[in-house]
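# Notes for the structure review
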Number of protein chains: 2
Amino acid sequence: MNKLLTVTISAALIGISGAALAAPKPFEAVEYRKGIFKAVKWNFGPMGDMMKGKVEFNAEEFARRANNLAALSHMPLEGFIPGTYERSTAALPAIESDWQTFAAGMENFQSKTAELAEAAKSGDKGQIAPAFMQVARTCKGCHDKFKD
Amino acid sequence: MNKLLTVTISAALIGISGAALAAPKPFEAVEYRKGIFKAVKWNFGPMGDMMKGKVEFNAEEFARRANNLAALSHMPLEGFIPGTYERSTAALPAIESDWQTFAAGMENFQSKTAELAEAAKSGDKGQIAPAFMQVARTCKGCHDKFKD
C-alpha cells in the first residue's frame with residue numbers, strides 16, 4: 001500500500017471515530033427533547049390563557065410566542081434516537097416501532113405551527129383561534145399514541 | 001354602585017387573578033431556561049466538532065443548526081425571573097443585581113448567532129469560522145460573570 005493511501009485511510013478512520021465520539025448519548029437526547037418540550041409548553045401555555053380569556057390578549061406577545069413555537073417544532077425529532085425509551089422519559093417505544101406515523105405527526109406539528117405563526121401576524125383573535133386549535137390537536141394526536 | 005359597574009369590576013378582578021395564576025412558577029422558569037440551554041448545547045456541540053475537524057463538515061447540517069441557535073438565542077432571557085437564583089441552578093444572583101449587563105450579553109448572543117446563521121448560508125468554512133468564534137465568545141462572556 002503506498003504511503004498516501006495509508007494516510008488517506010487513517011484520516012478516514014479518524015473521521016469515523018470522530019463521528020462516533022460526537023454521537024449524542026441516550027440521556028443527552030432525552031434531556032434535549034424534554035428541554036424542547038418544556039419550551040413548547042412555556043410558550044403554548046400563555047397563548048392558551050390568552051385564547052381562553054384567562055389573561056388579556058396581547059397580539060405582539062402572541063405572535064412572538066407563535067414564532068417561537070414554529071421554530072421549536074423543528075427541533076425535537078432528532079432527539080428521538082434508539083435506546084431512549086426506557087429511562088426518565090414518558091416517550092413510548094411505539095415511537096421506534098411506528099416511526100413513520102410519529103415522524104408524520106411531527107411534520108404536522110411543524111406545518112400547523114407555521115400556519116399559526118402566519119395567522120398570528122393578523123393580530124385578530126377570531127382568525128387565530130382555529131389555527132390555535134389545529135396546533136392543540138397535533139399535540140394531542142401524538143400524545144395519545146406516543147406518550148405515557 | 002350600579003350593577004353594570006360591579007360586573008365590570010368583577011370581570012377586571014377575574015382578569016387580574018387570571019394573570020397572577022398564569023405567571024410562571026420559579027421552578028418552571030429554571031427548567032425552561034435550562035431546557036433552552038440544553039438545546040443550545042445540542043446544536044453548538046456538533047457545530048464545534050465540525051469546525052475543529054472532529055467530524056466531517058456538512059454545510060447543510062451546519063446551516064440548520066445555526067438557524068436553530070439564532071432562534072433559541074431569543075428565548076432564555078424571559079426565564080430569568082426573580083426568585084430563581086438559589087435552587088437547582090448554576091445561574092448567579094449577579095444576573096438580578098447586574099441585569100443590564102446580563103441582558104446586553106444576551107442581545108450580543110442574539111446578534112452574533114444571527115451573523116453566524118447568515119455566514120453559514122455560504123457553506124464556506126473559512127467564512128464561517130470567525131462568525132463561529134464570535135458566538136463562542138458571547139457564551140464565555142456571560143458564563144464567566146453569571147454562571148457558577
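Structure: see above.
Within each chain, residues carry numbers counting from 1 in the order of the written sequence. Chains carry letters from A onward and ligands carry numbers from 1 onward, assigned in written order. Local features in a predicted model are, by the rule used here, given only for residues with pLDDT of at least 70; side-chain atom pairs are given and counted only at 80 or more, and totals for whole chains, interfaces and linings are based on all residues. The basis for every side-chain value is the complete set of heavy atoms in the structure, and neither hydrogens nor water enter the calculation.

### Some thoughts on the overall build of chain A
- Helix numbering and strand numbering both begin at the N terminus, where a helix is a DSSP run of H or I of at least 4 residues and a strand a DSSP run of E of at least 2. On a plain count of helices and strands, chain A comes out with six helices and zero strands.
- Among the 148 residues that make up chain A, the fraction classed as buried is 39%.
- The contact criterion used throughout is that any non-hydrogen atoms of two residues lie within 4.5 Å. In chain A, 69% of the contacts between residues at least 6 apart in sequence involve partners at least 24 apart.
- In these tables, accessible area is a Shrake-Rupley quantity obtained with a 1.4 Å probe, and a residue counts as shielded only by the protein chains included in the view. When the accessible surface of chain A is summed, it comes to about 8300 Å², and 59% of that surface belongs to carbon and sulfur atoms. The buried label goes to any residue with under 20% of its type's maximum accessible area, the exposed label to any with over 50%, and the partly exposed label to all in between, with areas taken from a 1.4 Å probe on protein chains only.

### Observations concerning the relation of the copies chain A and chain B
- Its rotation angle being 180 degrees, the transformation that places chain A on chain B also includes 0.0 Å of axial translation and leaves an RMSD of 0.0 Å. Considering both components of the superposition, the chain copies are consistent with a two-fold axis. By C-alpha distance to the rotation axis, the residue of chain A lying nearest is Gly35 of chain A, at 1.8 Å.
- Counting the interface residues of chain A, we find that 100% of their copies in chain B are interface residues as well, pointing to one common contact surface. Here the copies are matched by least squares. The fit uses the C-alpha atoms of residues with pLDDT of at least 70 in both.

### Considering the interface of chain A and chain B
- Of the residues lining the interface, 26 residues belong to chain A; the matching set on chain B comes to 26 residues.
- By definition here, a salt bridge exists when the distance from a side-chain nitrogen of Lys or Arg to a carboxyl oxygen of Asp or Glu is within 4 Å. Inspection of the chain A/chain B interface yields six salt bridges.
- Contacts described as polar in this section are N or O atom pairs within 3.5 Å, which, within protein, must combine one atom able to donate a hydrogen with one able to accept it, while residues neighboring in sequence count only if both atoms come from side chains. For the pair chain A and chain B, the interface holds eight residue pairs in polar contact (both at pLDDT 80 or more).
- Take the side of chain A that touches chain B: its biggest share by element is 11 residues, from helix H2 (residues 26-52) of chain A.
- Note that Gly is not counted as nonpolar here; it falls among the polar residues with everything else outside the nonpolar set of Ala, Val, Leu, Ile, Met, Phe, Trp, Tyr, Cys and Pro and the charged set of Asp, Glu, Lys and Arg. Looking at side-chain class alone, the side of chain A that touches chain B contains 12 nonpolar, six polar and eight charged residues.

### Considering the packing of aromatic side chains
Residues and elements named next belong to chain B.
- The rule is short: rings of Phe, Tyr and Trp, with Trp giving its six-membered ring, pair when the centres are within 6.5 Å, and they are stacked under 30 degrees, edge-to-face over 60, tilted in between. Applying the stated criterion across every chain, the model contains 16 aromatic pairs over all chains.
- Taken together, a centroid distance of 4.8 Å and an interplanar angle of 70 degrees make the contact between Phe80 and Phe102 edge-to-face. You can see Phe80 sitting in the loop between helix H3 (59-72) and helix H4 (94-97) and its partner Phe102 sitting in helix H5 (residues 99-120), a full 22 residues away along the chain. Comparing Phe80 with Phe102, the two get one shared label, buried.

### Points about the pattern of salt bridges
- Taken as a whole and judged by the stated rule, the model has 14 salt bridges over all chains.
- Notably, a salt bridge pairs Glu78 of chain B with Arg64 of chain A, separated by 3.5 Å at the nearest N-O pair. Residue Glu78 of chain B is located in the loop between H3 and H4, and its partner Arg64 of chain A is located in helix H3 (residues 59-72); the two belong to separate chains.
- Look at Arg64 of chain A and you get partly exposed, because its relative accessible area is 35%.

### What about the nonpolar core?
- Here, nonpolar core refers to any group of buried Ala, Val, Leu, Ile, Met, Phe, Trp, Tyr and Cys residues whose side-chain atoms link them within 4.5 Å. Core analysis: the largest hydrophobic core is formed by 74 residues, its most contacted members being Phe62 and Leu116 of chain A together with Phe62 and Leu116 of chain B.
- If we ignore the near neighbours within four places in the chain, the residues touching Leu116 of chain B are Met47, Phe62, Ala66, Leu69, Ile128, Ala131, Phe132 and Val135 of chain B.

### Focus on helix H6 (residues 125-146) of chain A
Residue and element names in this part refer to chain A.
- For a helix, the expected span equals 1.5 Å multiplied by the number of residues minus one. Its 22 residues give H6 an end-to-end C-alpha distance of 31 Å, which sits within 8% of 32 Å, the value for a rise of 1.5 Å per residue.
- Burial in H6 covers these residues: Ile128, Ala131, Phe132, Val135, Thr138, Cys139, Cys142 and Phe146. Seen from one end, H6 has its buried residues packed into an arc of 110 degrees, which puts them on one side. Projecting away from the buried face of H6 at angles above 90 degrees are the exposed residues Gly126, Arg137, Lys140, Asp144 and Lys145. The reported arc concerns the directions from the helix axis to the C-beta atoms and nothing else.

### Some words on unusual backbone geometry
All names here are of chain A.
- At Ser88, a position not held by glycine, the phi torsion is positive, near 55 degrees.
- Note on placement: Ser88 falls in the loop between H3 and helix H4 (94-97).
- By relative accessible area, which is 56% here, Ser88 ends up exposed.

### Considerations on the packing of helix H2 (residues 26-52) of chain B against helix H6 (residues 125-146) of chain B
Residues and elements named next belong to chain B.
- Across the interface, H2 lies against H6 with an axial gap of 11 Å and an inter-helix angle of 135 degrees. Judged by the angle between their axes, H2 and H6 are oblique. H2 and H6 meet at a crossing whose hand is left-handed. Taken together, the residues of H6 that come into contact with H2 (itself represented by Phe44, Met47, Gly48, Met50 and Met51) are Lys125, Ile128, Ala129, Phe132, Val135 and Ala136.
- Grouping the amino acids of the contact of H2 with H6 by side-chain chemistry returns nine nonpolar, one polar and one charged. Lines fitted to the C-alpha atoms define the axes, with helices restricted to the stretch that makes contact. Angles between their N-to-C directions range from 0 to 180 degrees. In these notes the angle categories are as follows: under 35 degrees is roughly parallel, over 145 is roughly antiparallel, 65 to 115 is roughly perpendicular, and the rest is oblique. Crossing handedness follows the turn of the near helix against the far one: under a right angle anticlockwise gives a left-handed crossing, and clockwise gives a right-handed one.

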